[in-house]
Amino acid sequence: MRRGRVRNSRRKNGSFSLILWIFLLLIIGAGVFFAYSLPLFEREAPKIIVNNTIAANSKTPIKFKLTDNVGIKSCKVVLSSNGKEFPIYNQKFLINSKIKEVEVPLPKELLKSKNREWNILISVNDSSLWNFTMGNSAKFIAKLIIDTTPPQISLIASSSNIRKGGSGVVIYKVDDKHLKETFIGIGNGIKFKPIKYKKDGVYVTLIAWPFNMDNFNPKIIAIDSASNKSINTLQIHKLDKVYKTSKIRARDGFIDGKITELAQGDSEYANISDRLEKFRAVNELMRKKNEDLIHKYSKIVTPPNGKWNIKPFKPLKGSKRVSDFGVKRYYYYKTPDNIISTSYHVGYDFASVKHDNIYSSNKGKVVFASLNGIYGNMPIIDHGLGLYTIYGHCSSVLIKKGDIVKSNEVIAKTGVTGLALGDHLHFGILVQGIEVLPLEWMKSKWIEEHIIAIFRKADKNLGYN
């Protein structure tokens with residue numbers, strides 16, 4: 001009897017111990033699962049952001065970016081060539097940042113080496129406790145080019161002269177396998193971006209001399225990936241031009257009428273009650289905002305669709321020019337010596353009959369066709385190569401954004417929308433966001449001698465003629 005009881009007791013104790021062990025194992029398993037679910041045990045590898053080919057020299061270090069969702073712990077950089085390894089960077093970071101911008105200068109002995117090409121191995125570990133506290137790792141192999149040679153610039157053809165406020169064209173070649181950017185700078189931070197022309201390394205761009213800029217110094221600039229830089233000053237004859245000024249009386253009726261109408265249509269100026277403050281707000285602040293929009297759309301350079309062949313612009317047939325380009329207007333209140341505001345007129349005004357047809361003259365793509373403050377209803381057309389035309393104060397616009405217009409197509413009707421008192425067209429031409437003298441682009445002789453002839457000369461120099 002006792003033996004039976006002992007056996008039962010042992011069975012009960014054995015079952016209890018088994019249940020206890022299972023319970024403990026479950027707790028341990030849950031604890032391990034919980035611990036490994038913590039961010040400290042995350043298993044996402046860090047990322048190495050770098051180009052497949054890196055160019056560097058004594059002034060330009062090796063640059064790359066490291067990112068991780070927890071933090072970067074360490075990084076190594078090793079160069080190799082012909083079976084030999086050359087460690088140049090080994091860093092453990094004290095602060096676990098999620099983003100690291102790394103710059104590694106080239107050792108002097110490497111710069112003296114005749115070997116200009118190396119393999120570069122970048123290794124990185126994060127601060128995760130995964131992988132037995134070693135963390136997650138990533139590696140990236142790239143090609144390192146030690147580049148100390150600046151780009152070589154060759155002028156192929158360019159306009160021989162340019163008028164203040166006018167346009168020109170430049171075609172040139174840059175030899176550099178690792179070219180980063182090239183452009184034509186004219187001063188004041190103004191750059192004209194080229195597009196490729198027919199052959200590798202050959203570029204073309206229209207340029208402009210802003211009408212309100214005195215010092216015009218055009219230079220071809222080329223910069224490679226190692227920051228080697230070349231500058232070629234263009235020998236273009238500069239023709240000065242004096243632009244007119246005019247004084248215009250700001251009458252109360254004009255301010256209370258058209259100016260107030262425009263101000264009330266814009267929440268930024270709707271609550272201005274003072275007449276003169278309201279006039280200045282519309283003539284200067286609103287004007288700048290509207291012109292900024294025009295500049296934004298007209299800065300983009302698109303390759304021409306096929307051969308770029310521009311004809312003279314004649315937007316309003318049988319019309320009379322009633323206002324010039326580049327005129328600085330001084331607005332006065334009551335007496336001529338009481339100047340209250342100034343502005344530039346950056347186009348031509350043409351007047352004909354009411355709601356007359358406006359023509360596109362050249363094919364292009366509509367990039368904007370809507371209301372634009374003082375310019376009223378206004379389409380902008382991209383004719384390729386950075387050349388744009390605008391048509392302001394339209395009573396109606398017959399085209400929409402994205403449309404491809406044909407040469408000599410009717411695109412709008414003249415009107416009095418925006419800051420216009422009488423029915424007319426404000427016609428403007430821009431080169432990469434710079435307003436230029438429309439007269440040049442309205443003359444077939446000027447287009448032939450200063451644009452088309454340059455393309456023919458370049459084609460001949462490139463072996464196409």
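Residues numbered from 1 in each chain as written. Predicted model: local features only at pLDDT ≥ 70, side-chain atom pairs only at ≥ 80, totals over all residues. Heavy atoms only, no water.

Observations regarding helix 6 (residues 444-461)
Look at helix 6: 24 Å from first C-alpha to last across 18 residues, which is about the 26 Å you get at 1.5 Å a residue. The sharpest bend along helix 6 comes to roughly 35°, located at I452. Packing partners of the buried residues in helix 6 comprise strand 9 (152-158), strand 10 (161-163), strand 11 (167-175), strand 14 (195-197), strand 15 (199-208) and helix 5 (438-441). Looking one or two residues past helix 6, G463 carries a phi angle of roughly 90°, positive in sign. (Helix = DSSP H or I, 4+ residues; strand = E, 2+ residues; numbered from the N terminus. Expected span 1.5 Å × (residues − 1). Bend = angle between axes of the 7 residues up to and from the residue. Contact = heavy atoms within 4.5 Å.)

Re the sheet that holds strand 22 (residues 339-345)
If you walk across this open sheet you meet the three strands as 19-21-22, and the pairing is mixed. Strands at the two margins of the open sheet, each flanked by one partner only, are strand 19 (245-249) and strand 22. Recorded for the sheet is a direction-independent mean angle of 25° between the axes of neighbouring strands. In terms of strand pairing, strand 21 (residues 327-332) meets strand 22 through six bridges, oriented antiparallel. Bridging across to strand 22, Y331 finds its partner in S341. Against the sheet, helix 4 (residues 275-298) engages strand 21 and strand 22, with an angle of about 20° to strand 22. (Pairing = 2+ DSSP bridges. Axes fitted to C-alpha atoms, helices over the stretch in contact; angles between N-to-C directions.)

Let's talk about helix 3 (residues 252-264)
When the local axis directions of helix 3 are compared, the greatest deviation, roughly 25°, occurs at K258. Buried residues of helix 3: I255, K258, I259, T260, L262 and A263, and no others. (Buried < 20%, exposed > 50% of the residue type's maximum accessible area, 1.4 Å probe, protein only.)

Overview of the side chain of D356
Within the fold, D356 resides in the loop between strand 23 (348-351) and strand 24 (357-359). For the buried D356, no salt bridge is present, and the opposite-charge side chain at shortest range is K413, 6.7 Å distant. Contacts of D356, omitting those with residues within four sequence positions, involve L316, K317, A412, K413 and T414. (Lys, Arg positive; Asp, Glu negative; His and termini not counted. Salt bridge = Lys/Arg side-chain N within 4 Å of Asp/Glu carboxyl O.)

Considerations on the packing of aromatic side chains
Note on aromatic pairs: each is described by the distance of the centres and the angle between the planes. This structure, assessed with the given rule, holds 17 aromatic pairs. Aromatic pair W441 and W446: ring centres 5.1 Å apart, planes at 65°, arrangement edge-to-face. Comparing W441 with W446, the two get one shared label, buried. Following the ring pairs from residue to residue traces out a cluster consisting of Y197, W308, W441, W446 and F455. Between the NZ or CZ atom of K241 and the centre of the ring of Y243, over which it lies, the distance is 5.2 Å. (Phe/Tyr/Trp six-rings, centres within 6.5 Å; stacked < 30°, edge-to-face > 60°. Lys NZ or Arg CZ within 6 Å of the ring centre and 35° of its normal.)

So, the pattern of salt bridges
In total, this model carries 14 salt bridges according to the counting rule given. Between K289 and E268 there is a salt bridge whose closest N-O contact spans 3.1 Å. Of this pair, K289 sits in helix 4 while E268 is found in the loop between helix 3 and helix 4, placing the two residues 21 residues apart along the sequence. Judged by relative accessible area, which is 31%, K289 ranks as partly exposed. By relative accessible area, which is 52% here, E268 ends up exposed. Across the pair D403 and K400 runs a salt bridge whose closest N-O atoms are separated by 3.2 Å. Several salt bridges converge on common partners, so that one network encompasses K244, R321 and D324.

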